[in-house]
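Reading the structure
So the chains spell out like this:
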Amino acid sequence: MVGLGPRKPPSRKGSMADVPRDLMQEIKRLEELFTVDAAKLKAVTKHFVSELEKGLSVEGGSIPMNPTWCMSFPTGYETGTFLALDMGGTNLRVCEIILTDEKSEFDIIQSKYRMPEELKTGDADELWEYIADCLQQFIETHHSGEKLDKLPLGFTFSYPATQDYIDHGILQRWTKGFDIDGVEGQNVVPMFEAALAKRGVPIKLTALINDTTGTLIASAYTDTAMKIGCIFGTGCNAAYMEDCGSIPKLAHMNLPPDMPMAINCEWGAFDNEHKILPRTPYDIIIDKDSPRPGQQAFEKMIAGLYLGEIFRLVLVDLHDNKEVHIFEGQNIDKLRKGYTLDSSFLSLIEEDPFENLSETKDLFQNKLGITTTHPELELIRRLAELIGTRAARLSSCGVAAIALKKGYKTCHVGADGSVFNKYPHFKARGAVALREILDWPAKKSPRDPDPIEILPAEDGSGVGAALIAALTLKRVKEGNLAGIQHPENFK
Ligand code: BGC
């Protein structure tokens, strides 16, 4: 195999000996469809660099490249008590973070609340009320009976938002399957504050942040080599620190050219115009059937929300193809249901340690009521590998593009999210791809670090949000009021 990137995990060779011709042909076809070779990765990265530039320009492009008004890296000596609210896809997390006098040390208490599924496609008022209820409950639990001054809060709102100020954010569009009427095109901060005021919750919003910016700042707090923050989870995205002088769309503000500004790239929107990404017919269906067709082209090929769905669409397509004999004579109704399989299903398949793939066999039986043959299991395993590998390899194009744009020859990248943390081989496959894109020479010793390493990040939406709130309070005190809408909240 040439140019296929990382091979199957060494623990398992697999046996294709008894795979009949029709399935073998399909495996080959899928390999061609889903394999992204080094030349393609380089071409994608090159286009990515120009799209990052375009997003910073006055005309703009597909990638929003949102200035965040987070204007410095932490020193490690930030102090104070902050609340952080993380509105993730599955959970809502509230934290109280005390940044202590010790360098890069903090204490944290936190509570998690499940985000009811129906809220994601429900009504805007219900969403804000639910969030305010959780915050109120948190304050009552941890500060009952105390007389509180308004506590500063960093709100991690991980959707694309135009921020004219750090305490402001107009939702550009919902992503990750959210579809709540009446929020897109609106500033979410007053909606959130109104819900808090209604309950008299003693909180003031200091900073609205993205999870990637939080990840960047939290990671840089403990490791100054961290230059990029990434999320590879339900959605995917990255943030990095730009110089204001390199952001033409902010030129009218006359900010000092060497002043830093964290940019939330929103790179999930890369190639929305379908110029370069090697989309398969399955990617096209994912997009067409999503709540926002035409949006998040890159994200839909690599993020956790979609990996299981791509896999499901391929299997249903094969079953429905008369030329291919897969799951013959079986009822595949459960497999026909959209979004029944999440990326953890693929993880389990890729983790199956047995030669005969008996764990995968059990999974199909128990979750989908489908009895599989050995050749079918071989195809299933290969398909999961192809989808997981493509996701990791394409993800590295984004990292390489930022590094190339900024001229970073060496640095650390802080990454978080369920796919990065839990999907088997994602890190290793991504590292192989980065090496191919950036043409690094062979390592002298396997233990040598790569020039650019993607490492597990610190807690961005908790500690990162608190740090950004602290950095913002500090700069306002020092007189830098750029991107501050309500200075009174910073007293
Ligand atoms: C959102 C980003 C977010 C990413 C990871 C994407 O769908 O648009 O704002 O950073 O998911 O959570």
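Basis of the calculations
- Residues numbered from 1 in each chain as written.
- Predicted model: local features only at pLDDT ≥ 70, side-chain atom pairs only at ≥ 80, totals over all residues.
- Heavy atoms only, no water.
- UniProt positions renumbered as here; feature names shortened; annotations may be inferred.
- Helix = DSSP H or I, 4+ residues; strand = E, 2+ residues; numbered from the N terminus.
- Rg over C-alpha atoms; globule rule 2.2 N^0.38 Å.
- Buried < 20%, exposed > 50% of the residue type's maximum accessible area, 1.4 Å probe, protein only.
- Contact = heavy atoms within 4.5 Å.
- Areas by Shrake-Rupley, 256 points an atom, 1.4 Å probe, with all protein chains shown as cover.
- Lys, Arg positive; Asp, Glu negative; His and termini not counted.
- Charge placed at Lys NZ, Arg CZ, Asp CG, Glu CD.
- Pairing = 2+ DSSP bridges.
- Axes fitted to C-alpha atoms, helices over the stretch in contact; angles between N-to-C directions.
- Phe/Tyr/Trp six-rings, centres within 6.5 Å; stacked < 30°, edge-to-face > 60°.
- Parallel < 35°, antiparallel > 145°, perpendicular 65-115°, else oblique.
- Left-handed = near helix turned anticlockwise from the far one by under 90°.
- Nonpolar A, V, L, I, M, F, W, Y, C, P; charged D, E, K, R; others polar.
- Near = heavy atom within 4 Å.
- Polar contact = N/O pair within 3.5 Å; in protein donor to acceptor, adjacent residues only side chain to side chain.
- Domains from an automatic or database assignment.

Where an unreviewed UniProt entry is consulted, the chain appears under the name Phosphotransferase, with the organism given as Amorphotheca resinae ATCC 22711. Turning to the chain, the UniProt record has this under Sequence similarities (unreviewed entry): "Belongs to the hexokinase family."

**What about the overall build of the chain?**
Within the chain, the regular secondary structure consists of 15 helices and 13 strands. Over its C-alpha atoms the chain spans a radius of gyration of 23 Å, differing by no more than 12% from the 23 Å that the globule rule assigns to 491 residues. With the principal axes as the frame, the chain shows a C-alpha extent of 70 × 50 × 45 Å. Counting over 491 residues, the chain shows a buried share of 56%. The long-range fraction of contacts in the chain, counting pairs at least 24 apart against all pairs at least 6 apart in sequence, stands at 71%. Working note: accessible area of the chain is about 20,300 Å², and carbon and sulfur atoms make up 52% of it. Taking the average location of the 55 positive side-chain charges in the chain and that of its 70 negative ones, the two points are 4 Å from each other.

**Here's the deal with the sheet that holds strand β13 (residues 452-456)**
Pairing within the open sheet is mixed, and its 6 strands lie in the order β1-β11-β10-β9-β12-β13. Of all the strands in the sheet, the pair left with one neighbour each is β1 (66-67) and β13. Where strand β9 (residues 226-232) meets strand β10 (residues 236-243), 5 bridges bridge the pair, whose relative direction is antiparallel. When the sheet's bridge partners are listed, Gly229 is paired in β10 with Ala239. Across the sheet, helix α5 (residues 211-222) lies against β9, β10, β11 (260-264) and β12 (411-416), angled at about 135° from β9, the strand it touches most.

**A word on the pairing of strand β4 (residues 106-114)**
Across 9 bridges, strand β3 (residues 91-99) lies against β4 in antiparallel orientation. The partner of Val94 across the bridge, within β4, is Ser111. In this antiparallel pair of consecutive strands, β3 and β4, the connection spans 6 residues, and Ser104 shows a positive phi of 55°.

**Section: the packing of aromatic side chains**
Considering all chains together, one arrives at 21 aromatic pairs under this definition. Where Trp267 meets Phe298, the ring centres are 6.1 Å apart and the plane angle is 85°; that geometry is what we call edge-to-face. One end of the pair, Trp267, is in the loop between β11 and α6 (281-288); the other, Phe298, is in the loop between α6 and α7 (299-302), and 31 residues separate them in sequence. Trp267 sits in the buried class, given a relative accessible area of 0%.

**Overview of the packing of α6 against helix α8 (residues 304-320)**
Interhelical geometry of α6 versus α8 gives an angle of 120° and a closest axis separation of 10 Å. Comparing the axis directions of α6 and α8 gives the class oblique. The handedness of the crossing between α6 and α8 comes out as right-handed. Contact residues: α6 offers Tyr282, Asp283, Ile285 and Ile286, while α8 offers Tyr306, Glu309, Ile310, Leu313, Val314 and Asp317. Its residues assigned to classes, the contact of α6 with α8 comprises 7 nonpolar, no polar and 3 charged.

**Here we look at the sheet that holds strand β8 (residues 203-209)**
Reading across the sheet, the 5 strands line up as β4-β3-β2-β5-β8 and stay open at both edges, with mixed pairing between neighbours. Looking at strand neighbours, the two that pair on one side only are β4 and β8, the edges of this open sheet. Taking each pair of neighbouring strands and ignoring which way they run, the sheet shows an average axis angle of 20°. Of the pairings in the sheet, the one linking strand β2 (residues 80-87) to strand β5 (residues 151-157) comprises 5 bridges and is parallel in character. The residue bridging Leu85 from the neighbouring strand is Phe155, located in β5. Docked against the sheet, helix α4 (residues 188-199) engages β2, β5 and β8, running at close to 155° with respect to β8.

**Quick look at the site of the ligand**
Taken together, 15 residues form the shell around the ligand, and within it Thr175, Lys176, Asn210, Asp211 and Glu266 come nearest. Glu266 is positioned with one of its side-chain polar atoms (N or O) 2.6 Å from an oxygen atom of the ligand. Out of a free accessible area of 310 Å², the ligand has 98% covered by protein chains. Secondary structure elements with two or more residues in the shell around the ligand: α5 and β10. Domain assignment of the residues forming the shell around the ligand places at least three in each of domain 1 (27-61 + 266-409 + 411-450) and domain 2 (71-210 + 459-490).

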